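# Coordinates in review
Here is what each chain is made of, one letter per residue.
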Amino acid sequence: MSIEVGSILTGTVTGITNFGAFIQLQGGVTGLVHISEVADNYVKDIKEHLKEGQEVKVKVLSVGKDGKIGLSIRQANSKSVSNKSFNKKQSSNISFEDKLAKFLKDSDEKHQDLKRHTDSKRGGRGSRNY
């Protein structure tokens, strides 16, 4: 079986490290899923998401000349792919002015939060500098 970039395969978790998980594919070939490619959200401990011997669906990201295979569980998840395309379709229906207004509102809120946070570190408004 030929492993091609972009194909979605099923494999078994054979090892877990701090930086990712080794997945054995059909034909005894092993690839690596980096910790950033395990889930859509931040993964602090990979052992909370994967167990050795667990069967997972992976997408082939890269096949190196040296035989190293880069895999992704996150991209193989069809829900995340369909959600991204849905969000693009949904956002394309919004006018430029609406997008700009939303950006300005979000930016203003972030600026106010940052200012509040900095003021509290300095002692707030009205603090005296001796």
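Residues numbered from 1 in each chain as written. Predicted model: local features only at pLDDT ≥ 70, side-chain atom pairs only at ≥ 80, totals over all residues. Heavy atoms only, no water.

Going by the annotation in an unreviewed UniProt entry, the name recorded for the protein chain is S1 RNA binding domain protein, with Anaerobranca gottschalkii DSM 13577 given as the source organism.

## Let's talk about the nonpolar core
Counting 20 residues, the largest nonpolar core has I23, I46, L50, V58 and L71 as its most contacted members. Where this core is concerned, the elements lending two or more residues are β1 (8-16), β2 (20-24), β4 (55-63) and β5 (69-72). Residues contacting L50, with those up to four places away along its chain left out, are V13, I16, A21, V38, V56 and I73. (Core = buried A, V, L, I, M, F, W, Y, C linked by side-chain atoms within 4.5 Å. Buried < 20%, exposed > 50% of the residue type's maximum accessible area, 1.4 Å probe, protein only. Helix = DSSP H or I, 4+ residues; strand = E, 2+ residues; numbered from the N terminus. Contact = heavy atoms within 4.5 Å.)

## Some remarks on the side chain of S72
In this structure, S72 sits in strand β5. For S72, a relative accessible area of 0% corresponds to the buried category. At a separation of 2.6 Å, a polar atom in the side chain of S72 contacts the side chain of E37. Looking at S72, its side chain comes within polar contact range of the main-chain nitrogen of R74, at 3.4 Å. In contact with S72, not counting residues within four places along its chain, are V33, E37, K57, V58, K59 and L61. (Polar contact = N/O pair within 3.5 Å; in protein donor to acceptor, adjacent residues only side chain to side chain.)

## Re the pairing of β4
Sheet topology note: the β1/β4 ladder contains 5 bridges and is antiparallel. Residue pairing for β4: G11 is matched across the bridge by V56. In terms of strand pairing, β4 meets β5 through 4 bridges, oriented antiparallel. Residue pairing in the sheet places V60 in a bridge with L71 of β5. Counting the residues in the hairpin turn of β4 and β5 gives 5 residues, including G67, whose phi is positive at 95 degrees. (Pairing = 2+ DSSP bridges.)

## Quick look at the environment of G20
With respect to the secondary-structure elements, G20 resides in strand β2. With 12 residues separating them in the primary sequence, G20 and L32 have C-alpha atoms 6.7 Å apart. Among all residues touching G20, those that are not within four sequence positions of it are G15, L32, V33, H34, I35 and I46.

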